[in-house]
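Survey of secondary and tertiary structure
What follows is each chain in one-letter form.
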2 protein chains.
Amino acid sequence: MKRNTWQREAVREALDGTDGFISAQALHSSLHATGSPIGLATVYRALSDLSEQGEADSLQSPDGESLYRACSTTGHHHHLICRNCGLTVEIGAEPVETWAQQVASEHGFTQAAHVVDVFGLCANCTRLAAV
Amino acid sequence: MKRNTWQREAVREALDGTDGFISAQALHSSLHATGSPIGLATVYRALSDLSEQGEADSLQSPDGESLYRACSTTGHHHHLICRNCGLTVEIGAEPVETWAQQVASEHGFTQAAHVVDVFGLCANCTRLAAV
DNA sequence: AGGCTATTGATAATGATTGTCAAAACCACG
DNA sequence: CGTGGTTTTGACAATCATTATCAATAGCCT
């Protein structure tokens, strides 16, 4: 059975209060900074639970870390991420969904899953970078 | 200056002779299996070099390993990968390219890059899995 | 309240990747 | 064909994120 603990709740809230993606390590530090004695292993467990239950999304940073994010929509969606400031926009991707399915079946593949993330510079960072 | 060594050549050839993506570790084992005394660190270095020079593509497997592949086309393309046997098909993704650009600009993002990979089970593995 | 069991957390273990550094290999050049 | 200066190699240690271990704790049901 699934039990409710303050630790899990703390992780959920910390995620909610964070803009963009954050690593398990960073989230743990952040919690410690606010005085929470939560353990690192617990943060990892809570995050992978949340991710499994669809309450959080996860992706891998270019250098191999797993990053997590609390997502407002529970359905399937993708992300548009500013590579400079981390700002993240949730985006639907209907055209991509159908395209992925089609390409997969064209080649005889089944159980197609896909990784689709768009990295760029948000309007703000674009302006700053132009200077 | 960049020097040519048989080790670098060996890594390049091993990559060429491999279907689909392969991890640095696996490539190293594979080389050892053929009698090559090449060192693990060297394989890592050679792979990251090849990847930087655009002679190889790299991506991260769902469990965080870095995988490499020699790609036939040097242009921009994506991959359809069998998550069981590693079989890989290079796919163009025109619809996705335009979609990504469009979504990015809709949100004021510039310099949009994207990660698009489709994982599934190839026809063969699908059949095996059905048993 | 009592008991059963899931969860926690400190720490060890794992596993991929990168750093270190002396020895060996490469590449002009004479 | 040697020689010298540098790059590259490779064995091994170090790092870093993540996962496993396991006794102690804390939830939840009755």
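Here is what the cut-offs are and how they apply
- Residues numbered from 1 in each chain as written.
- Chains lettered and ligands numbered in written order.
- Predicted model: local features only at pLDDT ≥ 70, side-chain atom pairs only at ≥ 80, totals over all residues.
- Heavy atoms only, no water.
- Buried < 20%, exposed > 50% of the residue type's maximum accessible area, 1.4 Å probe, protein only.
- Helix = DSSP H or I, 4+ residues; strand = E, 2+ residues; numbered from the N terminus.
- Pairing = 2+ DSSP bridges.
- UniProt positions renumbered as here; feature names shortened; annotations may be inferred.
- Contact = heavy atoms within 4.5 Å.
- Near = heavy atom within 4 Å.
- Polar contact = N/O pair within 3.5 Å; in protein donor to acceptor, adjacent residues only side chain to side chain.
- Nonpolar A, V, L, I, M, F, W, Y, C, P; charged D, E, K, R; others polar.

Residue and element names in this part refer to chain A. Counting buried positions along strand E4 (residues 78-82) yields five of five residues, so the element is predominantly enclosed. Taken together, the four bridges between E4 and strand E5 (residues 88-91) define a ladder with antiparallel strand orientation. In the strand pairing of E5, Ile 81 is matched with Thr 88. The antiparallel pairing of E4 with E5 creates a hairpin that spans five residues between the two strands, and Gly 86 there sits at a positive phi of about 85°. The pairing of E4 with strand E6 (residues 110-121) spans four bridges and is parallel. The residue of E6 that forms the bridge with Ile 81 is Phe 119.

This part takes up the UniProt feature "binding site: Fe cation" (unreviewed entry) in chain A. All names here are of chain A. Under the local residue numbering, the UniProt record ascribes the feature "binding site: Fe cation" (unreviewed entry) to His 76, Glu 97 and His 114. A stretch of 39 residues holds the annotated residues, and the largest C-alpha distance among them is 11.0 Å, short enough that they meet in one place. With respect to the secondary-structure elements, His 76 resides in the loop between strand E3 (66-70) and E4. His 76 sits in the exposed class, given a relative accessible area of 55%. Excluding residues that lie within four positions of it along the chain, His 76 makes contacts with Glu 97 and His 114. Summarising the element assignment, Glu 97 is placed in helix H4 (residues 94-106). With a relative accessible area of 14%, Glu 97 lands in the buried category. The residues touching Glu 97, leaving out its near neighbours within four places in the chain, are His 76, His 78 and His 114.

With that settled, the discussion passes to the protein's contact with DNA strand C. Surveying the vicinity of DNA strand C reveals 20 residues, the closest of which are A:Thr5, A:Thr42, A:Arg45, B:Tyr44 and B:Ser66. The share of sugar and phosphate among atoms of DNA strand C within 4 Å of the protein is 64%. Measuring from a base nitrogen of DNA strand C, one finds a side-chain N or O atom of A:Arg45 at 2.4 Å. At the level of elements, helix H1 (6-16) and helix H3 (40-52) of chain A together with helix H3 (40-52) of chain B are the ones that each hand at least two residues to the surface near DNA strand C. Taken together, the residues of the surface near DNA strand C sort by class into six nonpolar, seven polar and seven charged.

Turning our attention to the sheet that holds strand E1 (residues 22-23) of chain B. Residue and element names in this part refer to chain B. Strands sit in the order E1-E3-E2 across an open sheet of three strands; the sheet is antiparallel. Of all strands in the sheet, those bounded by a partner on one side alone are E1 and strand E2 (56-60). Judged from the two bridges that link them, E1 and strand E3 (residues 66-70) form a sheet pairing that is antiparallel. Across the sheet, residue Ser 23 finds its bridge partner in E3, namely Leu 67.

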